[in-house]
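What follows is each chain in one-letter form.
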Amino acid sequence: MAKIKTTFFCQNCGAQFPKWVGKCTSCNEWNTIVEEIIQKESQGANRSWKQSNSLKKASKALKISDISITQEDRVSTNNDELNRVLGGGLVNGSVVLLGGEPGIGKSTLILQIALMMQNKVLYVSGEESQTQIKLRAERLAGKNENCLILTETKTQNIFKSIEETKPEVVVIDSIQTLHTDYIEASPGSISQIRETASELIKFAKETNTPVILIGHITKEGAIAGPKILEHMVDVVLQFEGDRNHTYRILRAQKNRFGSTAELGIYEMLNTGLREVSNPSEILISEKDADLTGTAISATLEGMRPLMIEVQALVSTAVYGTPQRSATGYNIKRLNMLLAVLEKRAGFRLGAKDVFLNIAGGLKVEDPAIDLAVVCAILSSNEDAVIDQNVCFTAEVGLSGEIRAVNRIDQRIIEAEKLGFKRIILSKFNKIANKNYQPTTPVGGIEIIKVSTIEEVVRVLF
Ligand SMILES: [Zn+2]
């Protein structure tokens, strides 16, 4: 009889220990160490993917001068937003981990993509029955005759099915439901996740087949399972959004084949997730009345210009300590801007509550939004409306100076495209395009260059 072998794993970070300890020495969490049985199979057993030599490709060492530069072979997903975030499509042989909170729509997104692709896709679900998936697919738009659905959680059986069906793309929903025969621990445990993922990664690399793994996320926002999983895969995508909002954002946390700055935006509809190809339109709320406290910023998310609406509410504090809250914007930066307004521009905001919100549920890190934040606050504080045709793009420094931002031309072009009449930016910004010069509203947008908050106030109010 085989001897039962166990090891202790930290459920938080995946670190391995020979015996139980109270505190993980790797991530410093208490009470996260759990014993898992990892009885290994006896020698000679048909272990996972290894035995199928037919598809195996041995690689050969090459002189660096002999290596030709080719684009990675990519499979288009027929979904522009996903292609953009991936850097142009799924790279053959790559493993993509898609994480997100339960119920956010990960399965819907991937099933929809499987149905829209031209390629043969094997969709393996350990979460839902084939009938449930069929019902879900009925609601979605795509019709891929080559989309195969398998309900299975054992990797050995999945590989058997892969050998029979020879899919071009494999989807696993979700990695937490899988188990392999060679480890005794229960599905979802650290050692099972690590082992099943490494079997799938091996399969992907040896057959050059892209694999998409869906993974759930814990309350703290980490992908449930070992942190090590994120290091093992090639691409880590995060699907986020508020379940109560209809918009979802897809971003890359890690991408071996492209930038992590790109962003995909989707709208959740009854018929699935709609790609939002012109996000600026949805991020600016429709309003007919002239409301105070809103300002539009020309920002960049990755390579993509976005016009984003900033909303502020300034009111007299009811309690002694004024409240400051920011949604989608860094609270520390908000406090900094309020201090700048107080000290450098003479606005008395010390005894006021300030609430700030970025429309559409986005989180913005582009510092170019600063000026719009300042203007939204001033608009609410002074009860003065900002013209709907004006937008802003500049960073605000500690001495109240208006600073230049990168890729200004792209921002101006986007603002012009959306019909803005004036854009306010730093006087230090160099504009390459001759069409966009101050006081020459060629193409319908006037450029106003400023260097201090006072100047902005003079222009606006
Ligand atoms: Zn740990």
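Just above sits the structure.
Rules used throughout
Residues numbered from 1 in each chain as written. Predicted model: local features only at pLDDT ≥ 70, side-chain atom pairs only at ≥ 80, totals over all residues. Heavy atoms only, no water. Core = buried A, V, L, I, M, F, W, Y, C linked by side-chain atoms within 4.5 Å. Buried < 20%, exposed > 50% of the residue type's maximum accessible area, 1.4 Å probe, protein only. Helix = DSSP H or I, 4+ residues; strand = E, 2+ residues; numbered from the N terminus. Contact = heavy atoms within 4.5 Å. Pairing = 2+ DSSP bridges. Axes fitted to C-alpha atoms, helices over the stretch in contact; angles between N-to-C directions. Patch = residues over 30% accessible without salt bridge, like charges linked within 9 Å, V, L, I, M, F, W, Y side chains within 5 Å. Areas by Shrake-Rupley, 256 points an atom, 1.4 Å probe, with all protein chains shown as cover. Salt bridge = Lys/Arg side-chain N within 4 Å of Asp/Glu carboxyl O. Phe/Tyr/Trp six-rings, centres within 6.5 Å; stacked < 30°, edge-to-face > 60°. Expected span 1.5 Å × (residues − 1). Polar contact = N/O pair within 3.5 Å; in protein donor to acceptor, adjacent residues only side chain to side chain.

Visitor: Residue-level account of the nonpolar core, with values.
Guide: Residues Leu341, Leu371, Val373, Ile377, Phe392 and Ile453 are the most contacted members of the largest nonpolar core, which totals 47 residues. Elements with a contribution of two residues or more to this core: β13 (263-269), β16 (304-316), α8 (331-344), β18 (352-358), α9 (370-382), β19 (390-393), β25 (446-450) and α11 (453-460). Of all the elements, α9 adds the most residues to this core, at 8 residues. Those residues in contact with Ile377, other than ones at most four positions away along the chain, are Ala312, Val314, Leu334, Leu338, Leu341, Leu349, Val354 and Leu356. With 32 residues, the next largest nonpolar core counts Ile104, Tyr123, Val169 and Val171 among its residues.

Visitor: For the sheet that holds strand β1 (residues 6-10), give the residues involved together with the corresponding values.
Guide: Reading across from one edge, β2-β1-β3 is the order of the 3 strands in this open sheet, with antiparallel pairing throughout. Of all the strands in the sheet, just β2 (16-17) and β3 (33-37) have a single pairing partner and so form its edges. As paired strands, β1 and β2 are joined by 2 bridges and run antiparallel to one another. Across the sheet, the residue bridging to Phe8 is Phe17, located in β2. Packed on one face of the sheet, helix α5 (residues 190-207) meets β1, β2 and β3 and runs near 95 degrees to β1.

Visitor: Which residues make up helix α10 (residues 408-417), and what values go with them?
Guide: Listed as buried for α10 are Ile408, Asp409, Arg411, Ile412, Glu414 and Ala415. Where α10 ends, the next residue or the one after it, Gly419, has phi of about 85 degrees, a positive value.

Visitor: An account of a nonpolar patch on the surface is needed here, citing residue identities and associated values.
Guide: Taken together, the side chains of Leu62, Ile64 and Ile67 present a nonpolar region at the surface, about 350 Å² in accessible area. For Ile64, the position within the fold is in the loop between β3 and β4 (74-75).

Visitor: An account of the packing of aromatic side chains is requested, with residue identities and associated values reported.
Guide: Counting across every chain of the model gives 2 aromatic pairs. For the pair Phe159 and Phe203, a centre-to-centre distance of 5.8 Å together with 50 degrees between the ring planes defines the contact as tilted. Here Phe159, found in helix α4 (residues 155-165), pairs with Phe203, found in helix α5; they are 44 residues apart in sequence, far enough to count as distant. Of the residues examined, Phe159 reaches a relative accessible area of 3% and is grouped as buried.

Visitor: Describe the sheet that holds strand β6 (residues 95-100), naming the residues involved and giving the relevant values.
Guide: Across the sheet, 9 strands lie side by side as β8-β7-β9-β10-β6-β11-β12-β13-β14; this open sheet has mixed pairing. Of all strands in the sheet, those bounded by a partner on one side alone are β8 (147-151) and β14 (272-275). Pairs of neighbouring strands in the sheet enclose a mean axial angle of 25 degrees, with direction left out of account. As judged from the 5 bridges shared by β6 and strand β11 (residues 235-240), these two strands associate in the parallel manner.

Visitor: Go over the pattern of salt bridges with me, naming the residues and quoting the values.
Guide: Considering all chains together, one arrives at 16 salt bridges under this definition. Here Lys202 and Glu206 are joined by a salt bridge, their closest N and O atoms 3.5 Å apart. One end of the pair, Lys202, and the other, Glu206, are both in helix α5, 4 residues apart, so they sit about a helical turn from each other. Looking at Glu206, the relative accessible area reads 12%, which means it is buried. Glu240 is paired through a salt bridge with Arg251; the nearest N and O atoms lie 3.0 Å apart. Of this pair, Glu240 sits in strand β11 while Arg251 sits in strand β12 (residues 247-255); the two residues are 11 residues apart in sequence, bridging distant segments of the chain. Classification of Glu240 by relative accessible area gives partly exposed; the value is 22%. Residue Arg251 is classed as partly exposed on the basis of its relative accessible area, which comes to 22%. Among the charged side chains, a salt-bridge network with shared partners connects Glu81, Arg84 and Arg304.

Visitor: Could you give me a rundown of α8, with the residues and numbers involved?
Guide: An ideal rise of 1.5 Å per residue puts 20 Å on 14 residues; α8 measures up with 20 Å between its terminal C-alpha atoms. If you check which residues of α8 are buried, you get Leu334, Met336, Leu337, Leu338, Val340 and Leu341. Where α8 is buried, its residues touch β17 (324-327), β18, α9, β20 (395-396) and α11. Between the side-chain oxygen of the N-cap and the backbone nitrogen of Lys332 there are 2.8 Å, and the N-cap of α8 in question is Asn330. Taken from the residues just after α8, Gly346 is the one with a positive phi, measuring 75 degrees.

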